[in-house]
Amino acid sequence: MRTIFHLDLDAFFVSVERILDPTLKGKPVIVGGNPHGRGVVAACSYEARAYGLHSALPIRQAFKLCPDGIYLHGHYDEYVRFSHAVKNILSSYAPVIEQASIDEFYMDFTGCRKIYGSMFSFASKLQQEIKQKLSLPCSIGIGSNKTVAKIGSDCMKPMGITYIIPGMEKEFLSHMPVETIPGVGKVMLRELNNKGFYVIGDITKLSSYYWGSAYGKYGIDLWRKANGHGTEYLTIEREQKSISKETTFGADETSNEKVYEILFELTGKVCQTLRDEGFMASTINIKLRYSDFQTLIRSRTIKPTDDDKTVFENAKDLLMKAHTRRVGVRLIGVGVSKFSNFCEQEVLFEDDEVKRKKLFRAIDFLRRKYSYSIINFSR
Amino acid sequence: MPKYYIGTAGWSYKDWVPAFYPKSQSGNFNWLRFYANYFNCIEVNSSYYTYISPKTVKGWIEKVSDSDDFLFTMKLHQDFTHKKKFDEQKIRSVNYNLDMLSKAERLGGLLIQFPYSFSFNDASMDYIRRLKDIFENFSCFVEVRHSSWDKKEVYDFFKRSNITFCTIDQPQIGKAIQFEPIITNNAAYIRFHGRNTEAWTNSIKNFGKKQTYEEQSGRYKYLYTPGELVEIEQKIKTIQEKVEEIYVIMNNHPLGEAVANAFELIHLLEEKEKVDMPATIVKAFPRLEEIALDYFDPKLKLN
């Protein structure tokens, strides 16, 4: 039986904003930018949540619900610094640590009881240390796997500690709403509710055979989670799985030329990151969102590349084929995935490719030395 | 835990009124005495520009008489470090003041700060050795700003010569040495110049031109953010078991920002939940209210 901690920093961005400006304490604070703009809520304080606000809510809607809230653009660099500082503290105790996001950490304390004593008291000590040294509140879930630990950390926020006794996972989960399970989104929630599944215990009443037949691999995974099973081992170094950039237009865009121009710019940035990481990518994805929020994602697999030209040509083609409606465009994005490490040998005998490699090396050098915008491709 | 000496580079700045020194001051109000109420260390910077009269130094010693563990560190005159033109008389003058502070048990040591242009080579090493020989009776803290000094050979030389290799935090331009504490003897001397990259770049461009005080000091205008301070704290704590004394000097002096950051570092490094500080600085930097001891917000009304 393993002992996994999930530590989640409570309203992290807001907590950092309150360190920067203590007068924000006790007030409804929303991080996410201009309340009249088109962004979404990145984080909000518990005082703002009382108005019905939550992460990912469109900021305009948030403003309607909470017009007296304090809307901030946020200080991302500062969030990263505090996140590192938290990780440094955790690293001094945890033998294995996985950072799942800027404000979430999994730690494996299996076999550490003799060193740290009661896991509940130890979690409390960790929580206090982070609060005292960094003024950041956090919640901790302790469970026999990652899923249970994560659900645990979420159920007593803020500054909560939840210890799920090994063997009691299924009972612990049974009365919770189905959407508590990580991975159950809006669509799945509606689907489950329509069929009469409201709490996690409803899921476990049926066999894995049913869930497998109805929803395939996803269904079996859902059934496993509902029964309190989950991943028991941490990923120590999370590999980057994709690189992408997207942009929301200030006003819905009707000019194709303008859309392609932005796509070209986004592609340039994606390819630069790709080369900086020393990767070649073989899958190209585009994202297109119309003004009515219909969102399309299209992808294509090609020979591995890190060349702006190839990626742009493919992305443009995908976008042209996807863009069939005569409706304004709200957002476009481009991404690459399925990475392989750069291998110079393969291109030694292809003159043009060798030339382009040299060209990219020179561009990469200039951008590293000065800035990204020092040199750009023309379309 | 080592003994921390946390303070600022200089104390005589008009623009610290009213952010640190109060606006209305009585006739016998003295800035150094006020400063020493709150800090246990000061780096004397005026000694870089002038040869200070022993009478002045004697006055300083008297002014900090109420602060038991207060220390001065003296910055060596530019004739030694920048112009490299000095004679016996100048050496005597520096030595005299250092001696006086040392006998009064008020001397931390001598800061020998070289310019960015002073890069690593045999001649530079010889020059440092020569200065150390001249001031052999005192603790020497040597600050070099060029990254060419960042090598084991240099650290070994500093260790052999019992010289402290200063750790500095400065804008990362060109081959500027990075903030990375290096231990070469039983003391660490850490200086913070701010991270105002833009003003620092401009000041390099205008080097040698006549500038106003604001233009000159503009490059030090920088308030470290709470996140940066936490990063700094965690880095300094990695060396705290290896030394006996750690000097932390804030040189981001414009408008009292150095003072505010020094109080924050006392809170973080000395692990004091609350730090004694005057109401003036809390008013100028409201985020200090969280760590200020006995702070009373004058805006609050008592019923």
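Given the structure is predicted, the values throughout are model-derived calculations rather than measurements. (Residues numbered from 1 in each chain as written. Chains lettered and ligands numbered in written order. Predicted model: local features only at pLDDT ≥ 70, side-chain atom pairs only at ≥ 80, totals over all residues. Heavy atoms only, no water.)

## As for the overall build of chain A
- Of regular secondary structure, chain A possesses 14 helices and 12 strands.
- Seen through its C-alpha atoms, chain A measures out along the principal axes to roughly 65 × 50 × 50 Å.
- When the 379 residues of chain A are sorted by exposure, 45% land in the buried category.
- Partitioning the contacts of chain A with sequence separation of at least 6, the portion at a separation of at least 24 is 63%.
- Total accessible area on chain A is roughly 19,800 Å²; 53% of this is exposed by carbon and sulfur atoms.
- Here chain A holds 53 positive side-chain charges and 44 negative ones, and the gap between their average locations is 2 Å. (Helix = DSSP H or I, 4+ residues; strand = E, 2+ residues; numbered from the N terminus. Buried < 20%, exposed > 50% of the residue type's maximum accessible area, 1.4 Å probe, protein only. Contact = heavy atoms within 4.5 Å. Areas by Shrake-Rupley, 256 points an atom, 1.4 Å probe, with all protein chains shown as cover. Lys, Arg positive; Asp, Glu negative; His and termini not counted. Charge placed at Lys NZ, Arg CZ, Asp CG, Glu CD.)

## A closer look at the interface of chain A and chain B
- Contact residues are listed per partner, giving 13 residues for chain A and 11 residues for chain B.
- Across the contact surface, chain A and chain B share 3 salt bridges.
- Its salt-bridge partner being Arg 81 of chain A, residue Glu 228 of chain B comes within 3.4 Å of it at the nearest N-O pair.
- Counting the contacts that link chain A with chain B gives 6 residue pairs in polar contact (both at pLDDT 80 or more).
- For the side of chain A that touches chain B, the elements supplying multiple residues, two or more each, are helix H1 (12-20), helix H4 (76-91) and helix H6 (119-134) of chain A.
- Of the residues assigned to the side of chain A that touches chain B, the class counts are 7 nonpolar, 2 polar and 4 charged. (Salt bridge = Lys/Arg side-chain N within 4 Å of Asp/Glu carboxyl O. Polar contact = N/O pair within 3.5 Å; in protein donor to acceptor, adjacent residues only side chain to side chain. Nonpolar A, V, L, I, M, F, W, Y, C, P; charged D, E, K, R; others polar.)

## A closer look at the nonpolar core
- With 88 residues, the main nonpolar core has Phe 20, Trp 149, Phe 192, Ile 236, Val 248, Leu 265 and Ile 281 of chain B as its most contacted residues.
- When residues of this core are assigned to their parent elements, the largest contribution, 9 residues, is made by helix H11 (residues 257-269) of chain B.
- Excluding its chain neighbours within four sequence positions, the residues that come into contact with Ile 236 of chain B are Tyr 4, Phe 179, Ile 190, Phe 192, Ile 246, Val 248 and Leu 269 of chain B.
- Residues Ala 43, Ile 97, Ile 102 and Leu 134 of chain A belong to the second largest nonpolar core, which totals 40 residues. (Core = buried A, V, L, I, M, F, W, Y, C linked by side-chain atoms within 4.5 Å.)

## Quick notes on the environment of Asn 202 of chain B
- Inspection of the secondary structure assignment puts Asn 202 of chain B in helix H8 (residues 197-205).
- In sequence terms Asn 202 of chain B and Ala 123 of chain B are 79 residues apart; their C-alpha atoms lie 30 Å from each other.

## Quick notes on the packing of aromatic side chains
- Enumeration over the complete set of coordinates arrives at 57 aromatic pairs over all chains.
- Relative to Tyr 116 of chain A, the ring of Tyr 93 of chain A lies with its centre 6.0 Å away and its plane at 70 degrees, an arrangement referred to as edge-to-face. You can see Tyr 93 of chain A sitting in the loop between H4 and strand E5 (96-101) and its partner Tyr 116 of chain A sitting in helix H5 (residues 113-116), a full 23 residues away along the chain.
- Residue Tyr 93 of chain A is classed as buried on the basis of its relative accessible area of 18%.
- In this structure, Lys 146 of chain A packs its charged tip against the face of Tyr 106 of chain A, placed 4.8 Å from the ring centre.
- The ring centre of Tyr 127 of chain B lies 5.2 Å from the NZ or CZ of Lys 84 of chain B, which sits over that ring. (Phe/Tyr/Trp six-rings, centres within 6.5 Å; stacked < 30°, edge-to-face > 60°. Lys NZ or Arg CZ within 6 Å of the ring centre and 35° of its normal.)

## Looking at the confidence of the model for chain B
- Chain-level statistics for chain B give a pLDDT mean of 93 and a share of 97% at 70 or above.
- Predicted complex, confidence summary: ipTM 0.84, pTM 0.76. (pLDDT = per-residue confidence, 0-100.)

## A look at the packing of helix H3 (residues 54-63) of chain B against helix H5 (residues 88-103) of chain B
All names here are of chain B.
- Their axes nearest at 10 Å, the elements H3 and H5 cross at an angle of 20 degrees. It follows from the interaxial angle that H3 and H5 lie roughly parallel. Handedness of the H3/H5 crossing: right-handed. The residues of H5 that touch H3, namely those facing Pro 54, Val 57, Lys 58 and Ile 61, are Tyr 96, Asn 97, Met 100 and Leu 101.
- For the contact of H3 with H5, the class distribution of residues is 6 nonpolar, 1 polar and 1 charged. (Axes fitted to C-alpha atoms, helices over the stretch in contact; angles between N-to-C directions. Parallel < 35°, antiparallel > 145°, perpendicular 65-115°, else oblique. Left-handed = near helix turned anticlockwise from the far one by under 90°.)

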